[in-house]
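Now for the letters of each chain:
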Amino acid sequence: MTMTVQTLAPLLTEKLLSSFGKTVDEATNKEVFQSICLLMKESIHPNWQTTQQKYVEAESKQVYYFSMEFLLGRLVETNLLNAGELDLYKDTLSSMGFNPEEVFHEELDAGLGNGGLGRLAACFLDSLSSLQLPGHGMGIRYKYGLFQQKVVDGHQVELPDNWLRDEYMWETKREEKAIEVRFGGTVETTYEDDKLVFHHHDYERVLAIPYDVPIVGFENKTVNTLRLWSAESTTNHFHFNSSRGHDYYHYLDYKRSVEKISEFLYPDDSYYEGKILRLKQQYFLVSAGLQSILRRFKKQYKCFDLLPEKIVLQINDTHPSLIVPELMRILLDDEGLSWEQAWKITEKTVAYTNHTTLSEALEKWPEAMIEDLFPRLYMIIHEINERFCKMLWFDFPELREQIPAMAIISYGNIHMAHLAMVGSFSINGVARLHTDILKNRVMKPFNIVYPDRFNNKTNGITHRRWLLNVNPDLADEITKTIGDQWIKKPEFLKNLQSFATNPELQENIAKVKHENKKKLATFIKDQYGITINDQSIVDVHIKRLHGYKRQLLNLFHIIYLYNQCIENPSLDLYPRTFIFGAKAAPGYTFAKHVIKLINAVAEKVNNHPHVRDKVKVVFMENYQVSLAERIIPAADVSEQISTASKEASGTGNMKLMMNGALTIGTEDGANVEIRERVGAENIFTFGLSSEEVFSHQHRGDYRARDYYNNDSRIKQIMDLLVNEHFSNDDVEFKDIFYSLLFNNDEYFVLKDFDSYISAQQAVELTYRNQSSWLQKSIINIAHSGYFSSDRTIQQYAKDIWNIKPQR
Ligand code: 26V
């Protein structure tokens, strides 16, 4: 039976009444939202059950994507879209007198991630289900997601993200599937029947409770699972002892310490800190996830030799790399396998994705910390390390000198990337350049030992969310032009290429962009009271705040324009709106200073009579998935200006091109592949190449000071930072000044300034020629199909996982 507004409206009315005792007139948006979820679940849950049953019956190989982060955002529109009911619900809500957008926005973002790595995991889940592949997520149900950002006097202030304050409508608690995870204690080794046996004593028990979230495929009946683990205590697991007096207080201490484990997401992105609670979180995810998978496996299969044929454990960065020794522990101690058997299985089951080469982001844990928290795993890691080093010594004499640098344990630290590489059958980077850097530089000796393990999987994004859902009018124009095949097969977007010069399509696409800008302008006016020109070039820099992402370079261009406008009030500058969205890690002082500077510059620029009609700067507070969804459809220019070699891939670059923005970018990450596809004339490339960056670093021949002294534009900009121009209390700007001059500008901002300014001038010149701009924009959309996560996931499925669709 196909539903219509006439059949859906009474169902919704009935749900409001039975669940909330409200009539349509009385119901709040939140109650309407919750009723929609309840209705949706009535169709999702049976399909969920059937999908899982099918996997069991077909004995399908299944993938588990282990990740400390899943940055889902809202699910209501995705689930409606994938069920083919989004328009139906929108029409029904309108007919009942509700505003669909307001109702959908009742759902709070699930912000269980920092940035690219977590959002990638969410896109992958969407693609797995939409391609009907047996693949699931394993994560942590943090009580607090990434902090909410407020801007107070231009400064970032962090507030807790209480995303569970209303019920989370999509999750189902599965108490009956709880798992016990053990921390600390001691290991006693004994000989029994000629075998070493390990007894674990005096450990702390933590109960892991899974909360399952259904992941609905696009217009198919596949529903996979995202399993999020929550740490809970129970009185059952605490041994009350009447002879001890203070048990109640002991119990409360224990309860607090347990519940802390899944309390909050660490807000550090690309920066490693050896926090003990973070390490506990990692083991909690790994142990609970793995035990639950193996429990299922054992029910169905007799022999563990089958494990690599039936299960893949894909780890998202090194954060879950304790899965290697944990799998060994279970196979050795619980299942009684020999080391050789267990290692053969482990090595064929785990696969590792690397997402960064920044040395400050590579995890290394102090040996003592691992030993205290996981005494048995520590023994196992030691053994893995011994065997690995021995193998190097005998099989790779040419690498002998490098053994200390390659060892898993060295100088008191455990190197998680080394553990992950030694224990995995696949090691992949996330864009071609990044993978080449791994193979030829950062992980070079490992590539000599394990050449067959290294492979590239260029990232992707789900075009269903990032085009179809966030930009329905653009999607309609595309469909009108090339038909709707692209929705299921995004590579068909290529057919747009031959329409790139078509005046009608250009005009329609320009109209859509303008409408999207008007919507964004209204939002900005409502939120910040800033009026932006909806005819201006909308220039967007949205991503985590980090030195290497160079928001500062963008800002230097803005200050340069500001200076120019003041010097020459009649300067003919095409109006531009610069939009920033970025959270800084709370302890990352430099990044916070940059936020303060963006806001201080915005204040000046937006109010100066000679500047404000030409340049506007908006710092959008609390950048998160749902804010990206508002900004991206309105963007003309996509800022992808990282120091070459530092951005592993980037995925915002893909979202923006898919919505018709043109990229101004360095030869970094996936920008390289974007340029290859769209052609050099349809992207604005500038700056040092990664090879040039490496060579400056190697030779130590970059002198930032020379650029300050020799380029009067740079000097003029930088002097404004230290002469109280932007604020009368500008210690934070002095800090920026010093990091450029006295710390020699680690990220080559000054070095790339000149070529960035030229590229920005080319942007403006091209924009003035609208038909040329629109042609480029259409070509970008046409080539964005390659960057769908469907393509990425198909490559993982074929080359790494060896899994097939289950229809
Ligand atoms: C690292 C750490 C270190 C320990 C503390 C918490 C924490 C949280 C996140 C990270 C992740 C750093 C790696 C990362 O996010 N890489 C990004 O991955 C994206 C998806 O592959 C990619 O597009 C970005 O270029 C890359 O920076």
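Above: the structure in question.
Heads up: these notes are all about the structure in this document. (Residues numbered from 1 in each chain as written. Predicted model: local features only at pLDDT ≥ 70, side-chain atom pairs only at ≥ 80, totals over all residues. Heavy atoms only, no water.)

### Overview of the layout of surface pockets
- Of the pockets and cavities examined, the largest pocket occupies roughly 1200 Å³.
- Among the elements of the structure, α3 (76–82), α5 (100–104), β5 (145–152), β6 (155–161), α18 (463–469), α19 (472–482), α21 (503–528) and α24 (625–631) are those that each provide at least two residues to the lining of the largest pocket.
- Per element, the largest residue contribution to the lining of the largest pocket is eight residues, and it comes from α21.
- The class makeup of the residues in the lining of the largest pocket is 12 nonpolar, 12 polar and 16 charged.
- Lining the second largest pocket are 22 residues, and of these Gln52, Lys177, Asp212, Arg227 and Arg296 lie nearest its centre.
- Taken together, the elements giving at least two residues each to the lining of the second largest pocket come down to α2 (29–57), β1 (62–66), β4 (135–140), β12 (223–232) and α8 (276–300).
- Among the elements that make up the lining of the second largest pocket, the one with the highest residue count is α2 (seven residues). (1 Å grid on protein atoms, 1.4 Å probe; cavity = no way out; pocket = protein on both sides within 12 Å on 5 of 7 lines; lining within 4 Å. Points joined across faces, edges and corners; volume = space filled by probe spheres on them. Helix = DSSP H or I, 4+ residues; strand = E, 2+ residues; numbered from the N terminus. Nonpolar A, V, L, I, M, F, W, Y, C, P; charged D, E, K, R; others polar.)

### Some words on empty space enclosed by the protein
- The full count for this structure, using the stated rule, is seven cavities of 30 Å³ or more.
- In this model, the second largest cavity occupies a volume close to 150 Å³.
- Elements that contribute at least two residues to the lining of the second largest cavity include exactly α3, α6 (116–130), β11 (204–216) and α18.
- Classifying every residue of the lining of the second largest cavity by side-chain character gives eight nonpolar, five polar and four charged.

### Thoughts on the packing of aromatic side chains
- Taken as a whole and assessed by the stated rule, the structure comprises 27 aromatic pairs.
- Aromatic side chains Phe388 and Tyr450 sit 6.4 Å apart centroid to centroid with 20 degrees between the ring planes, which places their arrangement in the stacked category. With Phe388 in helix α13 (residues 375–395) and Tyr450 in the loop between α17 (444–449) and β19 (454–456), this pair connects stretches of sequence that are 62 residues apart.
- With a relative accessible area of 3%, Phe388 lands in the buried category.
- Accessibility expressed as a relative area gives 10% for Tyr450, which makes it buried.
- Among the aromatic side chains, those forming a connected cluster through ring pairs are Tyr65, Phe124, Tyr796 and Trp801.
- A cation sits over an aromatic face here: Arg141 above Tyr211, 3.8 Å from the ring centre. (Phe/Tyr/Trp six-rings, centres within 6.5 Å; stacked < 30°, edge-to-face > 60°. Buried < 20%, exposed > 50% of the residue type's maximum accessible area, 1.4 Å probe, protein only. Lys NZ or Arg CZ within 6 Å of the ring centre and 35° of its normal.)

### Overview of the sheet that holds strand β16 (residues 409–410)
- Taken together, the three strands give an open sheet; going across it, the order is β15-β17-β16, and neighbouring strands pair in antiparallel fashion. What marks the edges here is a single partner per strand, and that holds for β15 (364–366) and β16.
- Here β15 pairs with strand β17 (residues 413–415) via three bridges, running antiparallel. Note on β17: the bridge partner recorded for Trp365 is Ile414. (Pairing = 2+ DSSP bridges.)

### With respect to the pairing of strand β21 (residues 576–581)
- Most of β21 is tucked away, with six of its six residues classed as buried.
- On β21, burial covers both faces: Arg576, Phe578 and Phe580 on one face and Thr577, Ile579 and Gly581 on the other are all buried.
- In terms of strand pairing, strand β20 (residues 537–542) meets β21 through six bridges, oriented parallel. Bridging from a neighbouring strand, Val540 pairs with Ile579 of β21.
- Handedness of the crossover is the feature at issue here: the chain leaves β20, passes through helix α22 (residues 551–567), returns alongside β21, and the resulting connection is right-handed.
- Where β21 lies against strand β22 (residues 615–620), six bridges are found, and the strand directions are parallel. (Right-handed = clockwise from strand over helix to strand, strands pointing away.)

### With respect to the sheet that holds strand β25 (residues 684–685)
- Across the sheet, six strands lie side by side as β22-β21-β20-β23-β24-β25; this open sheet has parallel pairing. Strands at the two margins of the open sheet, each flanked by one partner only, are β22 and β25.
- Both strand β24 (residues 662–665) and β25 contribute to a ladder of two bridges, which runs parallel. Across the sheet, the residue bridging to Ile664 is Phe684, located in β25.
- Contacts between helix α23 (residues 589–607) and the sheet are confined to β21 and β22, with β22 contributing the most and set at about 145 degrees to the helix. (Contact = heavy atoms within 4.5 Å. Axes fitted to C-alpha atoms, helices over the stretch in contact; angles between N-to-C directions.)

### Observations regarding the nonpolar core
- Of all hydrophobic cores here, the largest spans 203 residues; its most connected members are Ile36, Phe284, Leu313, Leu322 and Trp801.
- If you tally residues by element for this core, the top one is α8, at 11 residues.
- In contact with Phe284, other than residues within four places in its own chain, are Ile140, Val181, Phe183, Val206, Leu207, Ala208, Trp229, Ser230, Ala231, Ile261 and Gly289.
- With 65 residues, the next largest nonpolar core counts Leu573, Ala584, Ala600 and Ala759 among its residues. (Core = buried A, V, L, I, M, F, W, Y, C linked by side-chain atoms within 4.5 Å.)

### Digging into the site of the ligand
- The local shell around the ligand holds 22 residues, among which Asp268, His355, Asn459, Glu647 and Gly650 are the closest.
- A distance of 2.6 Å is found between an oxygen atom of the ligand and a side-chain nitrogen or oxygen belonging to His355.
- Contact between the ligand and Tyr548: an oxygen atom at 3.3 Å from a side-chain N or O atom of the residue.
- Notes on the ligand: free accessible area 600 Å², of which the protein chains cover 97%.
- For the shell around the ligand, the element with the highest residue contribution is α6, accounting for three residues. (Near = heavy atom within 4 Å. Polar contact = N/O pair within 3.5 Å; in protein donor to acceptor, adjacent residues only side chain to side chain. Areas by Shrake-Rupley, 256 points an atom, 1.4 Å probe, with all protein chains shown as cover.)

### Some thoughts on the environment of Ser788
- Tracing the chain through its elements places Ser788 in the loop between α32 (770–783) and α33 (789–801).
- Given a relative accessible area of 0%, Ser788 falls into the buried group.
- Once you skip the residues sitting within four places of it in the chain, Ser788 turns out to touch Gly460, Ile461, His463 and Pro490.

### Points about the side chain of Gln760
- Turning to its location among the elements, Gln760 is positioned in helix α31 (residues 749–768).
- Contacts of Gln760, omitting those with residues within four sequence positions, involve Asp539, His557, Arg576, Glu639 and Ile664.

### Notes on the packing of α31 against α32
- Where α31 meets α32, the closest approach of the two axes is 5 Å, and the angle between their N-to-C directions is 110 degrees. Looking at the two axes, α31 sits roughly perpendicular to α32. Side by side, α31 and α32 meet where Val763, Thr766, Tyr767 and Arg768 of the first sit next to Gln770, Ser772, Trp773 and Lys776 of the second.
- Its residues assigned to classes, the contact of α31 with α32 comprises three nonpolar, three polar and two charged. (Parallel < 35°, antiparallel > 145°, perpendicular 65-115°, else oblique.)

### A look at α6
- Under the 1.5 Å per step criterion, the end-to-end length of α6 is 21 Å for 15 residues, consistent within 8% with the ideal 21 Å.
- A large share of α6 lies buried, amounting to 14 of its 15 residues.
- Backbone geometry just downstream of α6 places Gln132 in the positive-phi region, at approximately 55 degrees. (Expected span 1.5 Å × (residues − 1).)

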